[in-house]
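Each chain, written out:
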Amino acid sequence: MTALTVRRYLAPPIDRREVLRYAGMRVPSAEIDALLDEVLRETEELFSFRVAHRAFPISVCGDTLSLGFAEVTSCDLSRALAGCDGVLVFAATVGGEVDRAIKKYALLSPAKALLLEALGSERVEALCDAFCADVKADYAEHGAAVRPRFSPGYGDLPLALQKDIFRVLDCERRLGISLGESLLMTPKKSVTALVGVKGELL
Amino acid sequence: MNILEYIKDHTLFLDGGMGTLLQAKGLLPGELPEAWNLSHPDVVTDVHRAYFLAGANVVNTNTFGANVLHFDEEELDAVVCAAIENARRAAEGLAGERYVALDVGPSGRMLAPYGDLAFEDAVEIFAKTVRLGVKYGADLIFIETMNDSYECKAALLAAKENSTLPVFVSCAFGEDGKLLTGASPAAMVAMLEGLGADAIGVNCSQGPRALRPVVEEYLRYASVPVLFKPNAGLPRVEGDKTVFDVTPDDFANEIAPFVKAGVRAVGGCCGTTPAHIAALFDACHEIPPAPLTKKTDTVISSYTHAVFFGESPVLIGERINPTGKPRFKEALRAGDIDYILREGLSEEEAGAQVLDVNVGLPEIDEGGVLCELTAALQAVCALPLQIDTASPEAMARALRIYNGKPMINSVNGKRESLDAILPLAKKYGGLVVALTLDEDGIPEKAEGRLLIARRILDAAEKYGIEKKNIIFDPLTMAVSADKRAALETLRAVKMIREELGVHTSLGVSNVSFGLPAREHIGAAFFTMAMQSGLSAAIMNPHAAEMMKAYYTFRALSGQDENFLDYIAFASTLGKAASVPAAAPAKKEESAASLREAIAKGLGARAAALTADLLKEREGLAIVQEEIIPALNEVGEGFEKKTVFLPQLLICAEAAKSAFEVIKARAVNKSEGGGLTVVLATVKGDIHDIGKNIVKLLLENYGFTVADLGKDVAPERVVEEVLRLGAPLVGLSALMTTTVGAMEKTICLLRERAPFCRVMVGGAVLTPEYADAIGADAYARDAMGAVRYAQEVSESL
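Quantities reported herein were computed from a predicted structural model and do not represent experimental measurements. (Residues numbered from 1 in each chain as written. Chains lettered and ligands numbered in written order. Predicted model: local features only at pLDDT ≥ 70, side-chain atom pairs only at ≥ 80, totals over all residues. Heavy atoms only, no water.)

*Asks:* Just to check I follow, could you spell out the overall build of chain B for this structure?
*Replies:* Tallying secondary structure elements over chain B gives 30 helices and 25 strands in all. The proportion of buried residues among the 796 residues of chain B is 58%. Counting only contacts in chain B whose residues sit at least 6 apart along the sequence, the fraction spanning at least 24 positions is 74%. Surface accessibility of chain B: about 31,500 Å² in total, with carbon and sulfur atoms responsible for 54%. (Helix = DSSP H or I, 4+ residues; strand = E, 2+ residues; numbered from the N terminus. Buried < 20%, exposed > 50% of the residue type's maximum accessible area, 1.4 Å probe, protein only. Contact = heavy atoms within 4.5 Å. Areas by Shrake-Rupley, 256 points an atom, 1.4 Å probe, with all protein chains shown as cover.)

Shown next as structure tokens:
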């Protein structure tokens, strides 16, 4: 097991096409482009980018995995971690201000609320991508390899694993993310995931 | 000696970290440290003892996460009992003043509306721990590491309502000098002192140096002792261990200046050890404690910031009030909270610094609506609120759930009013607006009003309310009824300010009642009042003349540094009226352009064109012949996938702007009478964007929507369906985990409201899934929901 670490990131570059895709736009439109510009301008200061992570050695027995902080039965996860020696577990968030801004937009302009929802999703995914790219580079330097990330709720991996992840990453205190009764996260634009590691844990 | 007696003349030494020390003794990541009170009592006692020996007067029990979310009630009882016993045992045989504080950390859950924990549930969670602390003999309650002002209020309220012990409250501020949910130090001081905390301060999150600006603000504003318990710097990872940078000596040397500056209780948080506390004790115990000074600021707060009453007048927006506003009354009766929220947001935009909130209508449940609105406002608007109600019951409920230190509007000199309102002000901590009238009415002369003000101050003192927490409203009367009325009010403002040394507020609009071009009289009176020393005005921030009076007064009286505010204001003048007015065209052209404005999503233009058309045609005709066809065209495009969701929404918004214009004219006539649809995101789910889109579209198509919001219990949906006799319910769920709640809601509807049909939608649903949980219809998207609602409407 490695120590719990929190990393901060600067804003990753915004992928406008991805934002529009999340919002359901399939073709370009001048009006919507202008509206997105307005949303970007008004929400520039809204996001903060933080990731908490730590790594554990794992053992796999059929579809039952010992993750070092929890035991879980999942056919899909055991496939995703096949041949791995450990797992890096992480939680990423772009902060709670965006939730508040979405609520405000919902009153004043549902179209802007929709675009900000989409932007928030794009932001947290971009954060995960940036973090995973760093992890990949760090491990590659030590001759180790990492797998694509896998989140609770994907395939047959139970969402209940969220509870264990939250405990082991101290998400409330370190990132200000909290878990609701139905296992939803607040702030909404947050992600937890597992990354398989083949090689020595860093 | 009681700790509050002791702290009067001494600097209090607190303990350091617990978690890191237990980890060194074998506590595993993810294991609950509180369980060690029972499983490893000697280890816990040794840690406490080491802190006592290092010089601490107070140790916090190992109960940071000891609450009913982590332990069942029986376990919790045992954990708290053992925790207090372990700390007591550690003090055995030691000389000096040694106190055991019941440690209370955050619940770990986010409060509604952002999370799913209801405020009263949070109060009850903390109350259960507090009651055990009292039962097992803690000396004080130490609420710590709070990063949300609302949760902090819940914990403090629980402590005050369930014990008579001293309560210390400490918050964790981020690098930006604010709490996670946005509160500034000044806002926290205002709220926590108002609620009766005995000592307040800062812990965790960062090292001593980084927290300096936060602690300085606490010292500047707090009248109660300030405490400081920082980390040993920032955590750093070394191999597989987390280490902290600041050594015991550096830690002590960094904190000593804070003690000289007036901090009265010091200790450490994460990464600090008995060695840190020993060094701290050595460095600080001979520093003479700085005297505590009572601060005289008159201040209120929201969940983000404090507003001070002083030199510059405070603008209190008056628009959230049904008096004389038919459209507003209708929104209140219909439960259309969103309309009222938009009123508030537009006041904020216009420059209001506080919002008065009044929902007094005889036919509604005032307490319920006031609470709902207060909660909804503080979810989207950062301004402090002035709770305005004649009902003490409604006042009590709203003050309880307010996130910050509110204004309380109002008390007056009548015995009955004083006895009803002042205890509430004492308990919940607010700035009370006191009207200078009593059983005999409003004295004509300023001297009479001053006399009542004195009596109110005396009464407040008896209830333990300081005069800084009273602001007088000497009452504006219509000058048309008595030519000296304005002058007497202004004299009263001056006398109260000068002779009693308290602040004043006026509702300025009344002065012009009965006169033409009222805004000019109102603005001039406002200027005169500011010149007489008025601290706050309840006014309409959209009234241009009032804003001009405000900005020019500040510029002329030296309150506007470099005239920055005035210059910014001046640049907005003249622009406001530049809404693209419909060119005077033939009416067919106006109609065609209205359809086009909607199709292009141009809201302001659609509204202007609608106003134009209304001169010639009935509202209903415009809706049926122009707006609906325009919407239909867009809706069909959406179904054919040539128009996409964001485009559909901007058109729907433009249509809504047009509707608002029609609604404002037709407010007293009966509604279009569209079918009533109840909408809700089901229990446990907090995603509501899809539901909000459906709502907008349904309203566009003339349906009456009762929106229950998100995280709605099945019982609540049924209750509303029965109350309204609604023939259709729309339920939304995004997560697989909440589809169960959707099914439950449908079952309950079938049982109690069999007449009602149910449509469902949301990311995880499919037609098959909808069928399996017993829904009547699956709505693929917002247009799908509209089409089904139309189907139901036609079948009735």
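*Asks:* Explain the nonpolar core to me, please; I cannot follow it from the model alone.
*Replies:* One broad rule of soluble globular proteins: the nonpolar side chains tend to lie buried together. Formed by 148 residues in total, the largest nonpolar core has its most connected members in B:I143, B:M188, B:Y218 and B:F472. Once residues lying within four places of it in the same chain are set aside, the contact partners of B:Y218 are B:C171, B:F173, B:P185, B:M188, B:V189, B:I200, B:G201, B:V202 and B:V226. Counting 95 residues, the second-largest nonpolar core is a separate cluster that includes A:V197, B:V643, B:V694 and B:L697. (Core = buried A, V, L, I, M, F, W, Y, C linked by side-chain atoms within 4.5 Å.)

*Asks:* I keep staring at a negative patch on the surface and nothing clicks. Help me out?
*Replies:* All names here are of chain B. A surface patch of like charges, here negative, comprises D249, D250, D282 and E286. Within the fold, D282 resides in helix α11 (residues 274-284). Exposure remark for D282: the relative accessible area of 56% places this residue in the exposed category. (Patch = residues over 30% accessible without salt bridge, like charges linked within 9 Å, V, L, I, M, F, W, Y side chains within 5 Å. Salt bridge = Lys/Arg side-chain N within 4 Å of Asp/Glu carboxyl O. Lys, Arg positive; Asp, Glu negative; His and termini not counted. Charge placed at Lys NZ, Arg CZ, Asp CG, Glu CD.)

*Asks:* Help me understand the interface of chain A and chain B, please; the structure alone is not making it clear to me.
*Replies:* Often, the extent of an interface is quoted as the loss of accessible area on bringing the components together. With 47 residues of chain A at the interface, the matching set in chain B holds 49 residues. Where chain A abuts chain B, roughly 4,000 Å² becomes buried across the two surfaces, and 67% of that area is made up of carbon and sulfur atoms. Inspection of the chain A/chain B interface yields 3 salt bridges. Between B:R109 and A:E181 there is a salt bridge whose closest N-O contact spans 3.6 Å. Counting the contacts that link chain A with chain B gives 11 residue pairs in polar contact (both at pLDDT 80 or more). If you tally residues by element for the side of chain A that touches chain B, the top one is helix α4 (residues 97-108) of chain A, at 7 residues. (Buried area = accessible area lost by both parts, 1.4 Å probe. Polar contact = N/O pair within 3.5 Å; in protein donor to acceptor, adjacent residues only side chain to side chain.)

*Asks:* Looking at this structure, how should I read the state of the cysteines?
*Replies:* Put plainly, two cysteines are in a disulfide when a covalent bond ties their sulfur atoms together. Residues and elements named next belong to chain B. In this structure the tally under the stated criterion is 0 disulfides over all chains. Here C152 is not disulfide-linked; the sulfur of C171 is the nearest cysteine sulfur, at 3.9 Å. Looking at C152, the relative accessible area reads 0%, which means it is buried. (Disulfide = S-S within 2.5 Å.)

*Asks:* Quick question: what am I supposed to make of the domain arrangement of chain B here?
*Replies:* The domain boundaries assigned to chain B delineate domain 1 (3-284), domain 2 (312-351 + 358-404), domain 3 (587-665) and domain 4 (676-795). Taking only C-alpha atoms into account, the centre of domain 1 of chain B sits 45 Å from that of domain 4 of chain B. (Domains from an automatic or database assignment.)

*Asks:* When you look at the side chain of B:E347 in this model, what are you seeing that I'm missing?
*Replies:* All names here are of chain B. Within the secondary structure, E347 sits in helix α13 (residues 337-350). No salt bridge is formed by the buried E347. Its closest oppositely charged neighbour is R319, at 5.7 Å. Here E347 is in contact with G317, E318, R319, I320, A352, L355, P541 and H542, once residues within four sequence places are set aside.

*Asks:* What's the story with the environment of B:S593 in this structure? I'm lost.
*Replies:* All names here are of chain B. Following the sequence through the fold, S593 ends up in helix α22 (residues 587-600). With relative accessibility at 16%, the residue S593 sits in the buried group. Between the C-alpha atoms of S593 and E311, which are 282 residues apart in sequence, the distance is 51 Å. Excluding residues that lie within four positions of it along the chain, S593 makes contacts with R605 and L609.

*Asks:* Any chance you could explain the sheet that holds strand β4 (residues 64-66) of chain A here in plain terms?
*Replies:* Pairing between the strands of a sheet is mediated by backbone hydrogen bonds and can be parallel or antiparallel. All names here are of chain A. In space, the 3 strands of this open sheet follow the order β3-β4-β5, with antiparallel pairing throughout. Looking at which strands have only one partner, the edges of the open sheet turn out to be β3 (59-61) and β5 (71-73). The average undirected angle you get between the axes of adjacent strands in this sheet is 20 degrees. As paired elements, β3 and β4 share 3 bridges and run antiparallel to each other. From the neighbouring strand, C61 faces β4, where its bridge partner is T64. (Pairing = 2+ DSSP bridges. Axes fitted to C-alpha atoms, helices over the stretch in contact; angles between N-to-C directions.)

*Asks:* Looking at this structure, how should I read the confidence of the model for chain B?
*Replies:* Low pLDDT marks regions whose predicted coordinates should not be analysed in detail. Residues and elements named next belong to chain B. Summary statistics for chain B give a mean pLDDT of 93 and a share of 97% for residues scoring 70 or more. Within the model, pLDDT remains below 50 along residues 577-582, and this stretch shows 10 contacts once partners closer than five positions in the same chain are excluded. In the predicted complex, the global pTM is 0.91; the interface-specific ipTM is 0.89. (pLDDT = per-residue confidence, 0-100.)

*Asks:* Would you explain the environment of B:I456 in this entry?
*Replies:* Of note, B:I456 is situated in helix α17 (residues 446-462). Setting aside its immediate chain neighbours within four residues, B:I456 contacts B:N412, B:G413, B:L418, B:A434, B:L435 and B:F472.

*Asks:* I tried to follow the packing of aromatic side chains on my own but got confused; where do I start?
*Replies:* The geometry of an aromatic ring pair is captured by two quantities: the separation of the ring centres and the angle between the planes. Residue and element names in this part refer to chain B. All told, the structure shown has 14 aromatic pairs over all chains when counted by the stated rule. A ring pair is formed by F13 and F281, whose centres lie 4.9 Å apart and whose planes are at 65 degrees; its orientation type is edge-to-face. In this pair, F13 is assigned in strand β1 (residues 12-13) and F281 in helix α11, connecting sequence segments 268 residues apart. Taking 6.5 Å as the distance between ring centres and 75 degrees as the angle between the ring planes, the aromatic pair formed by F328 and Y339 counts as edge-to-face. Highlighted residues: F328 in helix α12 (residues 326-333) and Y339 in helix α13, separated in sequence by 11 residues. Pair check on accessibility: F328 and Y339 agree, each one buried. Cluster of aromatic residues (ring-pair linked, three or more members): Y550, Y551 and F569. The positively charged end of K229 is found above the aromatic ring belonging to F142, 6.0 Å away from the centroid. The ring of F328 is capped by K325, whose NZ or CZ atom sits 5.8 Å from the centre of that ring. (Phe/Tyr/Trp six-rings, centres within 6.5 Å; stacked < 30°, edge-to-face > 60°. Lys NZ or Arg CZ within 6 Å of the ring centre and 35° of its normal.)

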